[in-house]
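Observations on the model geometry
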Amino acid sequence: MSLLRFMTCGSVDDGKSTLIGRLLYEARTLPDDQLAALERHGMDFATLLDGLLAEREQGITIDVAYRYFATATRKFVVADAPGHEQYTRNMVTAASVVDAAVILVDARTGILPQTRRHTEIVALLGVRTVALAVNKLDLVGYSRTVFDAVAAEYSALAAALGITSVACIPVSALHGTNVVRRGAQTPWYDGPALLGWLESVAVPADDPAGPFRMVVQWVIRPAADFRGFAGRIVGGSVRPGDRVVVLPAGLPATVARIVAFDGDLDIAVEGQSVTVVLAEDLDVGRGAILAAASSACDVGSEFDARVIWMAAADLVPGRSYLAKIGARTVGVTGSDSLRCNEIGGTVVRFDAAVAYEPYPVNRDLGGFLIIDRLTNDTVGAGLLDRVRPANLRWQTLSVTKEMRAALGGHRGCVVWFTGLSGAGKSTVANLVEQRLNRTGHRTYLLDGDNVRHGLNRDLGFTDADRVENIRRVAEVAALMVDAGLIVLVSFISPFEAERALARSLVAAGEFCEVHVDTPLAVAEARDAKGLYARARRGELPHFTGIDSPYEVPANPELRLDTAVLAPSAAAAVVLDRLLAMGVVTFSGPRAEPRE
Amino acid sequence: MTLTQLDRLEAESIDILREAVAESERPVLLYSIGKDSSVLLHLARKAFHPAPVPFPLLHVDTTWKFREMISFRDRTAERLGVELIVHRNPECLALGINPFDHGSARHTDMWKTQGLRQALDKHRFDLAFGGARRDEERSRAKERVFSLRTAAHRWDPRSQRPELWRLYNTRKDPGESLRVFPLSNWTEIDVWQYIRRERIPVVPLYFAAARPVLRRDGMLIMVDDDRLRLRPGEEIRRATVRFRTLGCYPLTGAVPSTAASVAEIIEELRQVTTSERADRAIDHDQSGSMERKKHEGYF
Ligand SMILES: Nc1nc2c(ncn2[C@@H]2O[C@H](COP(=O)(O)OP(=O)(O)O)[C@@H](O)[C@H]2O)c(=O)[nH]1
């Protein structure tokens, strides 16, 4: 007996609940008590699929529901992703675990934009076997012309999306036509009823061709002389004696035994959970991939990928999330912003090399979860397409940072001023630069407002744009340090994560974080540029301190309390600090002139 | 070589067991002594073979289980050499909570729901395996395989994590815990077919035999000891019955049956069509009752 997992998709009111209910009812798989409940509800099949109390109370559906039924030849798991605003997320979830999909359309409306969307998602997640149930055919008089037109349009659409097996079936879920049995109302149709189709389509997982792949989940060590690698085979098959390679390390090995509870196995195939013992004494840990030596999978850390975003808060480009891929959890960033229920192409970077296969080749080695570090929620799902070639190499340059610094007479350094708008960052930074310039130091001042006129002209003030704004400035500052300059950066830079990024781009001792600490009330009272007044009137959305947060630096090199320090005194504190750090010198002919 | 559907279910469950153990600090198996627990324990032995099962069994006892369940439990732990923790809510012991004087809802809540919370807190378990299946009850159809519980052991159906592929997000904050259901995709008949294939021992109460029963509230209740008080007009008679699920004996209905072997049970299931939990008093307390229990931390 084989097992087919399939999903159903349709827009609200296409008759999905009625169809599944009808299928369960007519396949005689409903227990008596559920049948009685159905009769109480006037044979409204949709009521069969109710599940959660909250959902009944609010009339919304929260999740994917799983149903089970069997016929004489096959067992079925139906994943039903009910339609509402979270539909994309639920459909993606269901599609990730099924072999086939049944897509519903209403015969009266035909193919809608949603139908295309459903088909795209199903195809994206790798489902290649689809039935289109053209429902409510009773409402168009069981018209062959209507059906043929819908079927032709859909077949073309599905083929264009790479769906290899498509069947279009004329159905009336309400009357049971062509659901379990062929109906007399459609004598012109000679294909199978829906259930017949479900019983006969090929189950893709029944074909363990392809090279061997196994994810190591757990190392079994009952005693010092036994080390078994326990995991799931996600591709091909394996026998004792097979040559394999342990990835991502790339260590060659030989399979000595396949250990099972009832004795060793001669062969194990895709889908089995096994324990493999290697002939060599290798340090293999959880998360490693065992792959056929003759056809190993690639390893990489930067990929073109597609991401389905499932959280209310947008994906912030450059922000570090966690990725669960295979049996590993690694850090990951995406390069593009995505909203909830949006699917987009992006470049993902893992913070460690992973063994992978493109998602269309192997779902288990090409699909990954994206998890928020703070909330622990699953916020997205990713599909790896291809590794990005590591063709960006560092050109070795002959003149070094030290040589440039020697010529200038001092080291380079970033002095990072952070604080609320109007705190006095630019005033203090400006004074510091004046003094450094007068004493013969080579400097540059990157000012938030000025940079937004040029380099960052394309950025706004959303969280995502603020992250990118700081990233660019941090990179520019790091280049200038490399050139030997003392770089004064005067940016609100409200997020700790991005300030930490800026710090990470230069060497230790080359970063001086200065928190210009002015209470919001004081900064707002000054309001030199009139910005707070505008923000309060709602004219400047995402204004730091008003409707966008300022994360106070936890461990800055300096905290300047502008309530007690005049700007020139604050500048002197900064200069003292730079002196202490050994960045600047005020000696010899360039000694500081008297003020 | 193609895998049968039982092979696939087995592989999936073992995968879940290993993943859960790898990503938790102190896992435990909630052992209810029933057929699902027996299958789960068998799968755990397979998953970590040749090492011993890397977690203890926890039985939350109510003092009202069938006597045959308790002796089966102790024999099983002994035979397999697994650690067994038995927890009885001390408050219930002191108050003498029972289904007759306190009603089935309070009895179940205090002994099982509160008792389970106490035991999990006491041993600081951060992950508990349960034998629940999605085909048992409508609200279960939508529960995840890995289900997060708050520090107060509550379940929030509104904020479940999407579960894709075979990837499980096991992250949690200190104090939070996970309930993991490796048998989510099994049906009742799968369980019996697997018991037959693997020759897994189960409590003899599952097999038909002549037993002393009486009819109460539409159910056939087996008189397992002399604590069952007869109501006026009730009469104990012997009938050939078996149980489809096992729980507290005054709350668990027997079904008339002559199925005395696993093969006969499978044959009977192919014909009989009543959902399994229909014989459990606790599920009928209120509409949506299983779901309410889950919110409160039962299972
Ligand atoms: N005439 C007709 N009505 C149908 C058919 N299938 C479903 N309906 C009706 O369409 C409405 C929506 O059906 P339902 O199953 O709840 O749709 P869902 O939102 O896709 O689950 C209900 O009133 C059904 O009775 C059909 O084949 N013919």
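Residues numbered from 1 in each chain as written. Chains lettered and ligands numbered in written order. Predicted model: local features only at pLDDT ≥ 70, side-chain atom pairs only at ≥ 80, totals over all residues. Heavy atoms only, no water.

**Digging into the overall build of chain A**
Along the backbone of chain A there are 16 helices and 25 strands. Taking 595 residues into account, the globule formula puts the C-alpha radius of gyration at 25 Å, and chain A, at 32 Å, lies well above it. C-alpha atoms of chain A, sized along the principal axes, occupy 105 × 65 × 40 Å. Within chain A, residue pairs in contact and separated by at least 24 positions form 70% of the contacts whose partners lie at least 6 positions apart. (Helix = DSSP H or I, 4+ residues; strand = E, 2+ residues; numbered from the N terminus. Rg over C-alpha atoms; globule rule 2.2 N^0.38 Å. Contact = heavy atoms within 4.5 Å.)

**Digging into the overall build of chain B**
A count of helices and strands for chain B gives 8 helices and 10 strands. By the burial criterion, 64% of the 299 residues in chain B qualify as buried. When contacts within chain B are restricted to residue pairs at least 6 apart in sequence, those whose partners lie at least 24 apart make up 75%. In the structure as shown, chain B presents an accessible area of about 11200 Å², 49% of it carried by carbon and sulfur atoms. (Buried < 20%, exposed > 50% of the residue type's maximum accessible area, 1.4 Å probe, protein only. Areas by Shrake-Rupley, 256 points an atom, 1.4 Å probe, with all protein chains shown as cover.)

**So, the packing of aromatic side chains**
Inspection of the entire model under this criterion finds 22 aromatic pairs over all chains. A centroid spacing of 5.6 Å and a plane angle of 40 degrees characterise the contact between Phe147 of chain A and Trp188 of chain A, whose relative ring orientation is tilted. Highlighted residues: Phe147 of chain A in helix 6 (residues 144-160) and Trp188 of chain A in the loop between strand 6 (165-170) and helix 7 (194-200), separated in sequence by 41 residues. For the pair Phe147 of chain A and Trp188 of chain A, a shared accessibility class is recorded, and that class is buried. Ring pairing ties together the aromatic residues Trp64, Phe66, Phe100, Phe243 and Tyr249 of chain B, which thus form one cluster. Above the face of the Phe461 of chain A ring, Arg452 of chain A is positioned so that its terminal group lies 4.0 Å from the ring centre. Sitting over the ring of Trp64 of chain B, Arg227 of chain B keeps its end group 3.8 Å from the ring centre. (Phe/Tyr/Trp six-rings, centres within 6.5 Å; stacked < 30°, edge-to-face > 60°. Lys NZ or Arg CZ within 6 Å of the ring centre and 35° of its normal.)

**Thoughts on the pairing of strand 19 (residues 367-371) of chain A**
Taken residue by residue, a regular strand's side chains alternate between the two faces of the sheet. All names here are of chain A. Judged by how many residues are buried, strand 19 sits mostly within the fold: 5 of 5 residues are covered. Burial along strand 19 is two-sided: the residues Gly367, Leu369 and Ile371 and Phe368 and Ile370 are all buried. Sheet topology places strand 16 (residues 321-325) next to strand 19; 3 bridges connect them, and they run antiparallel. Within strand 19, the residue paired with Ala323 across the bridge is Ile370. Of the strand pairs in this sheet, strand 19 and strand 20 (residues 378-387) are connected by 5 bridges, and their pairing is antiparallel. Within strand 20, the residue paired with Ile370 across the bridge is Gly380. What sits between the antiparallel neighbours strand 19 and strand 20 is a turn of 6 residues, in which Asn376 has the positive phi angle 65 degrees. (Pairing = 2+ DSSP bridges.)

**Some details on the sheet that holds strand 14 (residues 289-292) of chain A**
The strands making up a sheet associate through backbone hydrogen bonding, with each pair oriented either parallel or antiparallel. Residue and element names in this part refer to chain A. One closed barrel holds the 6 strands; their spatial order is 7-8-13-11-10-14, and the pairing between them is antiparallel. Going from strand to strand, the sheet's axes swing by 45 degrees on average, the running direction of each strand aside. For strand 10 (residues 243-247) and strand 14, the ladder comprises 4 bridges, and the chain directions are antiparallel. Its bridge partner lying in strand 14, Val246 is registered against Leu290. (Axes fitted to C-alpha atoms, helices over the stretch in contact; angles between N-to-C directions.)

**Regarding the pattern of salt bridges**
All chains considered together, the criterion is met by 56 salt bridges over all chains. By sharing partners, the salt bridges in this structure join Asp262 of chain A together with Asp7, Glu10, Lys46, Arg197 and Glu198 of chain B into a single network. (Salt bridge = Lys/Arg side-chain N within 4 Å of Asp/Glu carboxyl O.)

**Examining the side chain of Asn98 of chain B**
All names here are of chain B. By secondary structure assignment, the location of Asn98 is in the loop between helix 4 (90-95) and helix 5 (99-123). Of the residues examined, Asn98 reaches a relative accessible area of 6% and is grouped as buried. Of the polar contacts made by the side chain of Asn98, one reaches the backbone nitrogen of Phe100; its length is 2.8 Å. Beyond its immediate chain neighbours, meaning those up to four positions away, Asn98 contacts Trp64, Gly103, His107 and Arg229. (Polar contact = N/O pair within 3.5 Å; in protein donor to acceptor, adjacent residues only side chain to side chain.)

**A closer look at the packing of helix 10 (residues 425-438) of chain A against helix 16 (residues 567-580) of chain A**
Residue and element names in this part refer to chain A. Relative to each other, helix 10 and helix 16 sit at 55 degrees, their axes nearing to 9 Å. Here helix 16 runs oblique to helix 10, going by the angle between their axes. Crossing of helix 10 over helix 16 shows right-handed handedness. On helix 16, the residues touching Thr427, Val428, Leu431, Val432, Arg435 and Leu436 of helix 10 are Pro567, Ser568, Ala570, Ala571, Ala572, Val574, Leu575 and Leu578. (Parallel < 35°, antiparallel > 145°, perpendicular 65-115°, else oblique. Left-handed = near helix turned anticlockwise from the far one by under 90°.)

**A look at the site of the ligand**
Residues and elements named next belong to chain A. Neighbouring the ligand are 16 residues, the closest being Asp13, Lys16, Ser17, Thr18 and Asp138. Thr18 places a polar side-chain atom, nitrogen or oxygen, 2.5 Å from an oxygen atom of the ligand. When the free accessible area of the ligand is taken as 580 Å², the share hidden by the protein chains comes to 75%. The element best represented in the shell around the ligand is helix 1 (residues 16-26), accounting for 3 residues. Residue classes in the shell around the ligand are distributed as 5 nonpolar, 6 polar and 5 charged. (Near = heavy atom within 4 Å. Nonpolar A, V, L, I, M, F, W, Y, C, P; charged D, E, K, R; others polar.)

**What about the environment of Glu83 of chain B?**
All names here are of chain B. Tracing the backbone shows Glu83 in the loop between helix 3 (67-80) and strand 3 (84-88). It is 28 Å that separates the C-alpha atoms of Glu83 and Glu136, two residues lying 53 residues apart in sequence. When residues no more than four places from it in sequence are discounted, the contact partners of Glu83 are Pro56 and Leu57.

**Considerations on the packing of helix 1 (residues 5-22) of chain B against helix 6 (residues 188-198) of chain B**
All names here are of chain B. Following both chains from N to C, one finds helix 1 and helix 6 inclined at 95 degrees, their axes separated by 11 Å at the closest point. One element, helix 1, and the other, helix 6, form an angle in the roughly perpendicular class. Contact with helix 1, carried on its side by Gln5, Leu6, Asp7, Leu9 and Glu10, involves Asp190, Gln193, Tyr194, Arg197 and Glu198 of helix 6 and no other residues of that element. The class makeup of the residues in the contact of helix 1 with helix 6 is 3 nonpolar, 2 polar and 5 charged.

**Structural notes on the sheet that holds strand 9 (residues 237-242) of chain B**
Residues and elements named next belong to chain B. Spatially, 7-8-10-9 is the arrangement adopted by the 4 strands of the closed barrel, whose pairing is antiparallel. Strand after strand, the sheet turns through a mean of 70 degrees between neighbouring axes, direction not considered. Inspection of the sheet shows strand 7 (residues 209-216) paired to strand 8 (residues 219-222) by 4 bridges, in the antiparallel sense. Each residue of the ladder has a partner; that of Leu214, found in strand 8, is Ile221.

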